[in-house]
Number of protein chains: 2
Amino acid sequence: MDQEPLHRRIAGDIERRIASGEWRPGFRIPTEAELTAEYGCARMTVSRAMSDLSARGLVVRRRRAGTVVAHPPVHSSALVAIPDIQSEVEGRGLAYTHRLLGRIVRPALPDEGLGERVIELETLHLADDLPFVFERRLISLDAAPEAEAADFTAQPPGGWLLAHMPWTEAEHRISAVGADRETAAGLGLADGAPCLRLERRTWRDGQGVTWASQIFPGAAYDLVARFSPTKG
Amino acid sequence: MDQEPLHRRIAGDIERRIASGEWRPGFRIPTEAELTAEYGCARMTVSRAMSDLSARGLVVRRRRAGTVVAHPPVHSSALVAIPDIQSEVEGRGLAYTHRLLGRIVRPALPDEGLGERVIELETLHLADDLPFVFERRLISLDAAPEAEAADFTAQPPGGWLLAHMPWTEAEHRISAVGADRETAAGLGLADGAPCLRLERRTWRDGQGVTWASQIFPGAAYDLVARFSPTKG
DNA sequence: CGCGCGTTAATGTCTAGACATAACACTTCC
DNA sequence: GGAAGTGTTATGTCTAGACATTAACGCGCG
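In the annotation of an unreviewed UniProt entry, chain A is listed under the name UTRA domain-containing protein and assigned to Brevundimonas guildfordensis.

Looking at this model, I keep getting lost on the overall build of chain A. Mind explaining?
For chain A, the helix and strand inventory stands at six helices and 11 strands. For 232 residues, the compact-globule estimate of 2.2 N^0.38 gives 17 Å, and the C-alpha radius of gyration of chain A, at 25 Å, exceeds that figure by more than 25%. Overall, the C-alpha framework of chain A stretches about 70 × 40 × 40 Å when taken along its three principal axes. Taken over 232 residues, chain A has a buried fraction of 46%.

I'm lost on the pairing of strand β2 (residues 59-62) of chain B in this one. Help?
Residues in a regular strand point their side chains to alternate faces of the sheet. Residue and element names in this part refer to chain B. Alignment of β2 against strand β3 (residues 66-69), held across four bridges, turns out to be antiparallel. Within β3, the position partnered with Arg62 by the bridge is Gly66. As consecutive antiparallel partners, β2 and β3 are separated by three residues, and within that stretch Arg64 has a phi angle of approximately 70 degrees, a positive value.

Sorry if this is basic, but what is going on with the domain arrangement of chain A here?
Quoted interface sizes are often the accessible area lost when the parts come together. Domains assigned within chain A are domain 1 (6-69) and domain 2 (85-217). On a C-alpha basis, the centres of domain 1 of chain A and domain 2 of chain A stand 46 Å from each other.

Whenever I open this one, the protein's contact with DNA strand C confuses me. Can you help?
Looking at DNA strand C, there are 25 residues lining it, with Arg43, Arg61 and Arg63 of chain A together with Leu6 and Thr45 of chain B nearest. When atoms of DNA strand C within 4 Å of the protein are sorted by moiety, sugar and phosphate together comprise 68%. A distance of 3.0 Å separates a phosphate oxygen of DNA strand C from a polar atom in the backbone of Glu32 of chain A. Contact distances for DNA strand C include 3.5 Å between a phosphate oxygen and a side-chain N or O atom of Thr67 of chain A. Listing elements by their share of the surface near DNA strand C, those giving two or more residues are α3 (43-55), β2 (59-62) and β3 (66-69) of chain A together with α1 (6-19) and α3 (43-55) of chain B. Of the residues forming the surface near DNA strand C, the biggest block, four residues, is contributed by α3 of chain B. Along the lines of polarity and charge, the residues of the surface near DNA strand C split into six nonpolar, six polar and 13 charged.

Whenever I open this one, the protein's contact with DNA strand D confuses me. Can you help?
Neighbouring DNA strand D are 25 residues; Leu6, Thr45 and Arg62 of chain A together with Arg43 and Arg61 of chain B lie closest to it. For DNA strand D, the fraction of atoms within 4 Å of the protein that belong to sugar or phosphate moieties is 64%. At 2.9 Å, a backbone N or O of Ala42 of chain A approaches a phosphate oxygen of DNA strand D. A distance of 3.3 Å separates a base nitrogen of DNA strand D from a polar side-chain atom of Arg64 of chain A. When contributions to the surface near DNA strand D are tallied by element, the ones reaching two or more residues are α1 (6-19) and α3 of chain A together with α3, β2 and β3 of chain B. Ranked by the residues each element gives to the surface near DNA strand D, the list is headed by α3 of chain A, at four residues.

In this structure, what is going on with the sheet that holds β2 of chain A? I would like to understand it.
Consider a sheet: its strands pair through backbone hydrogen bonds, and that pairing is either parallel or antiparallel. Pairing within the open sheet is antiparallel, and its three strands lie in the order β1-β3-β2 (chain A). A single partner strand is all that each edge strand has here, and the edge strands are β1 (28-29) and β2 of chain A.

What is the right way to read the environment of Ala179 of chain A from this model?
All names here are of chain A. Tracing the backbone through its elements, the reader meets Ala179 in the loop between β8 (169-178) and α6 (181-187). The spatial distance from the C-alpha of Ala179 to the C-alpha of Arg197 is 9.6 Å, given a sequence separation of 18 residues. Excluding its chain neighbours within four sequence positions, the residues that come into contact with Ala179 are Ala184, Ala190, Asp191, Gly192, Ala193 and Cys195.

What am I meant to see in the UniProt feature "domain: HTH gntR-type" (unreviewed entry) in chain A here?
The UniProt record marks residues 4-72 of chain A with the feature "domain: HTH gntR-type" (unreviewed entry), using the residue numbering of this structure. A distance of 28 Å separates the end C-alpha atoms of residues 4-72 of chain A, which is 51% helix and 14% strand.

I keep staring at the packing of helix α2 (residues 32-39) of chain A against α3 of chain A and nothing clicks. Help me out?
The description of two helices packed together rests on the angle between their axes and the distance between the axes. Residue and element names in this part refer to chain A. As a packed pair, α2 and α3 sit with axes 9 Å apart at the nearest point and diverge in direction by 115 degrees. Crossing of α2 against α3: the hand is right-handed. Where α2 approaches α3, its residues Glu32, Leu35 and Thr36 are matched on the opposing element by Arg43, Val46, Ser47 and Met50. Broken down by class, the residue content of the contact of α2 with α3 amounts to three nonpolar, two polar and two charged.

Help me understand α2 of chain A, please; the structure alone is not making it clear to me.
Because the α-helix completes a turn every 3.6 residues, residues three or four places apart line up on one side. Residue and element names in this part refer to chain A. Within the sequence span of α2, burial applies to Glu32, Leu35, Thr36 and Tyr39. The arc that holds the buried residues of α2, viewed along the axis, is 105 degrees, so those residues lie on one side. Within α2, the exposed residues directed more than 90 degrees away from the buried face are Ala33, Ala37 and Glu38. At its buried positions, α2 is contacted by α1, β1, α3 and β2. Two residues or fewer past α2, Gly40 is found with a positive phi of approximately 60 degrees.

Procedures and definitions
- Residues numbered from 1 in each chain as written.
- Chains lettered and ligands numbered in written order.
- Predicted model: local features only at pLDDT ≥ 70, side-chain atom pairs only at ≥ 80, totals over all residues.
- Heavy atoms only, no water.
- Helix = DSSP H or I, 4+ residues; strand = E, 2+ residues; numbered from the N terminus.
- Rg over C-alpha atoms; globule rule 2.2 N^0.38 Å.
- Buried < 20%, exposed > 50% of the residue type's maximum accessible area, 1.4 Å probe, protein only.
- Pairing = 2+ DSSP bridges.
- Domains from an automatic or database assignment.
- Near = heavy atom within 4 Å.
- Polar contact = N/O pair within 3.5 Å; in protein donor to acceptor, adjacent residues only side chain to side chain.
- Nonpolar A, V, L, I, M, F, W, Y, C, P; charged D, E, K, R; others polar.
- Contact = heavy atoms within 4.5 Å.
- UniProt positions renumbered as here; feature names shortened; annotations may be inferred.
- Axes fitted to C-alpha atoms, helices over the stretch in contact; angles between N-to-C directions.
- Left-handed = near helix turned anticlockwise from the far one by under 90°.
- Arc of directions from axis to C-beta.

Structure, rendered in structure tokens:
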């Protein structure tokens, strides 16, 4: 009947009192010594529970001052998750397909930050055979030489990279743009129609791996995220 | 010269080898006994290091089978932080001001999910006196009755709510839209110019608090986020 | 009053053990 | 050959201590 370890139970008890509002931000939590007595266990066990809560940002611990319930971040910001296109489409119960529209290998421009040679790809992603995303992508052949031989008609570049070149850092940029002629044609929109552009740049150990610009028809696509501040 | 605790050093050593690609996903990490010998410390110390890595999702631990480097989530997704407008503007070193363009109190529509009565606000946010965001917002007077008396010319509605009504759940929706006539006028754009729209809906204990639609000129604004998967 | 300064209360780390538990490997018995 | 039991290995939890570190507190002194 043990089920859950004691340190988890202690952390859970405290988390519940924080979440319920019984212990408000700034409230000083009983000391480890008091909790040790209350639960009749060793201090390390209580300490582990508190460390876990601290690591998750629910409490702030300071020597001598004790442990207090954390204040939520001052300028509360929230998060939006950026999904991989294939899983996004399949998550909506649609059939995912893609078409490779263009592929060339060329020298990299200096300001692309992708080494000496790149492969440049244009891909159209479809959901139930309707255009969903128009993607332009550069892959550094210095960072990922195997990309030159990869078959991007079988697997879209994003998926291939995910499997072959795990990244260590990424930058995302979300903006709204009017569709240019080529994009509009690919997505079947009027010139200048509002579109959501997601730019993504990834590095591996400081070396640029890929740059991608993914353009979604504004009318058809939303990035949505539900978020609750207390759950890590 | 101690500086960093031993368990952190151990975890750091292992994290480095994972990040560098030396230990790829699926690689079996030395057992606690081996690491204990290598670092000449107690098993609990190694165990703590491994627990931390496990909690952060870098490794997967299984009894008897040992500890292996985790596979990155099948469909890797990343995160974008959504900042509060005022801190966003000030973070760019610009002067933040705002103008209240409209304020009415009216019965809530049923599908707004904001109770019986709402206050409806239109606010223009400026950065260095240039239009930056056009915001339409509804605040539930059932959830936040004090809002009826608040002075939204002194403090923008977002800031007021942050201070008076902490939320427990939020939903965000990012999309691209063409500016309608009113928005275009407010932001000084041409009709139909591409804009980034951020819709935000928040709840407190299941009760709807506010809904906001913030429209950024597409050309002037990007949501940017840098992200690295290994750092919590 | 306020400025140092020692005291001490709290957390942070670590140890050397102990027993529990899960899962795989192997043997035994039918 | 298969099912059931048995051993082995690695992680999971816990204990009862020890010493380190930090910073709030209070006291005394000028």
